[in-house]
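Each chain is listed here by its residues.
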Amino acid sequence: MALNRLALMTSLAGIELRHPLMNASGFLGYTREHVHRLASYGLSAIVTKTITPYAKEGYEPPIIVALRNGGLLNAVGLENPGKKCIAELVEEARKINVPLIISVGGRNEEEFVEVAIEAEENSATAIELNLSCPHTKGYGLEIGSDPNNVFSVVKAVASVTRIPVIAKLGLSDRVVESAGKALEAGAKGLTLINTVKAMAIDVHTLKPILTNIFGGLSGPPIHPIAVRVVYEVFKEYRSEIIGCGGVSSWIDAAEFIAAGAKAVQVGTALALANNPQDLVSNILQGLQHWLELHGYKVVEEAVGSAHRV
Ligand SMILES: Cc1cc2nc3c(=O)[nH]c(=O)nc-3n(C[C@H](O)[C@H](O)[C@H](O)COP(=O)(O)O)c2cc1C
């Protein structure tokens, strides 16, 4: 089935997208070569690995484990080359004409602002604030689980940048409230959700498998949780949402769209795919077929459709 480009077009936080599928942060995305590789998969936008002001080392291995339930558990530790890599990533993405979203990380407002300014000065397409990594001390969810912190980081970044700010939130009891705070502070979009804090134990050695003990669970096991969060946040605010968590087929992507997402990120499935190009193309073909079945001419007509039944 040929792709109907017009039907699949969408937009998020003012960014025009050829179709709804982009990669989730953390899967490649911190070298020029990564930008090329991700673009070759046919994604509509590329999200970088989370970038902190200075190069950051990761944890000692094992940092990632494949689970029996199809999920991955990781504690990479936000390893990245620091903000100096942003210029070349933007330059590379511009050469091949693909929108580039810089995932920004930090331990406090000042660090988030520092990386965001670098993204802005290099004319990146947008910024995704990682307020949600569940396993890196001082970063991510340690900041993002408190709605007031979400407000102040988003506000600080949104007030110094003109490019769109997207807040990536993780699972917490107050995620719906945090989403509201992010929007109030100036976020133009929300990515929901990050990995979910989890652990695995080796029953032979009786030790936690990850050196960091705790990690972030991703892949199919978290999908229903992510769908629930997207549904609740959309119901409350009708905001622009990127659904993220456990997408491995068109059905998962369609579920996110029906729950209220305008775009969808794929992480674990992309990393585990034998052929990432086929994965992307199969999801898009399935989505197109689903739109046709329901008589929707464009993706946007399907966004939030589960709220209308
Ligand atoms: C190995 C690995 C590294 C990740 N690194 C990042 C990261 O740097 N920044 C971030 O915001 N999320 C990171 N994530 C989380 C993903 O972006 C995504 O939110 C999560 O994996 C759920 O999507 P999935 O089930 O499609 O993988 C990482 C996930 C994995 C498995």
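Quick note: structure is the one above.
Residues numbered from 1 in each chain as written. Predicted model: local features only at pLDDT ≥ 70, side-chain atom pairs only at ≥ 80, totals over all residues.

Draft legend 1. Highlighting the sheet that holds strand β6 (residues 64-66). The 4 strands are arranged β6-β7-β16-β13 in an open sheet whose pairing can be described as antiparallel. Each edge of the open sheet carries a strand with a single partner, namely β6 and β13 (196-198). The mean inter-strand angle of the sheet, taken between neighbouring strand axes irrespective of direction, is 30 degrees. (Pairing = 2+ DSSP bridges. Helix = DSSP H or I, 4+ residues; strand = E, 2+ residues; numbered from the N terminus. Axes fitted to C-alpha atoms, helices over the stretch in contact; angles between N-to-C directions.)

Draft legend 2. Just the nonpolar core, in detail. By size, the foremost hydrophobic cluster in this structure holds 105 residues, and its most contacted members are Ile46, Ile127, Val154, Ala167 and Val230. Beyond its immediate chain neighbours, meaning those up to four positions away, Ile127 contacts Ile102, Val104, Ala116, Ala119, Val157, Thr161, Ile163, Val165 and Ile166. (Core = buried A, V, L, I, M, F, W, Y, C linked by C-beta atoms within 7 Å. Buried ≥ 20, exposed ≤ 12 C-beta atoms within 10 Å, placed from the backbone. Contact = placed C-beta atoms within 7 Å.)

Draft legend 3. Representation of the pairing of strand β12 (residues 189-192). Burial of β12 is two-sided: the residues Gly189 and Thr191 facing one way and the residues Leu190 and Leu192 facing the other way are all buried. Here strand β11 (residues 165-169) runs beside β12; their pairing, made up of 4 bridges, is parallel. Paired with Ile166 across the two strands is Gly189, which belongs to β12. Handedness of the crossover joining β11 and β12 through helix α7 (residues 175-184) is recorded here as right-handed. Summarising the sheet, β12 and strand β17 (residues 241-244) pair through 3 bridges and their orientation is parallel. What sits directly across from Leu192, in β17, is Gly243. (Right-handed = clockwise from strand over helix to strand, strands pointing away.)

Draft legend 4. Local environment of the packing of helix α6 (residues 147-158) against α7. Look at α6 against α7: their axes get within 8 Å of each other, and the N-to-C directions meet at 20 degrees. Relative to α7, the element α6 is oriented roughly parallel. As for how α6 packs across α7, the hand of that crossing is right-handed. Taking contact as the criterion, the partners of Pro147, Val150, Phe151 and Val154 in α6 are, on α7, Glu177, Ser178, Lys181, Ala182 and Glu184. Here the contact of α6 with α7 is composed, by residue class, of 5 nonpolar, 1 polar and 3 charged. (Parallel < 35°, antiparallel > 145°, perpendicular 65-115°, else oblique. Left-handed = near helix turned anticlockwise from the far one by under 90°. Nonpolar A, V, L, I, M, F, W, Y, C, P; charged D, E, K, R; others polar.)

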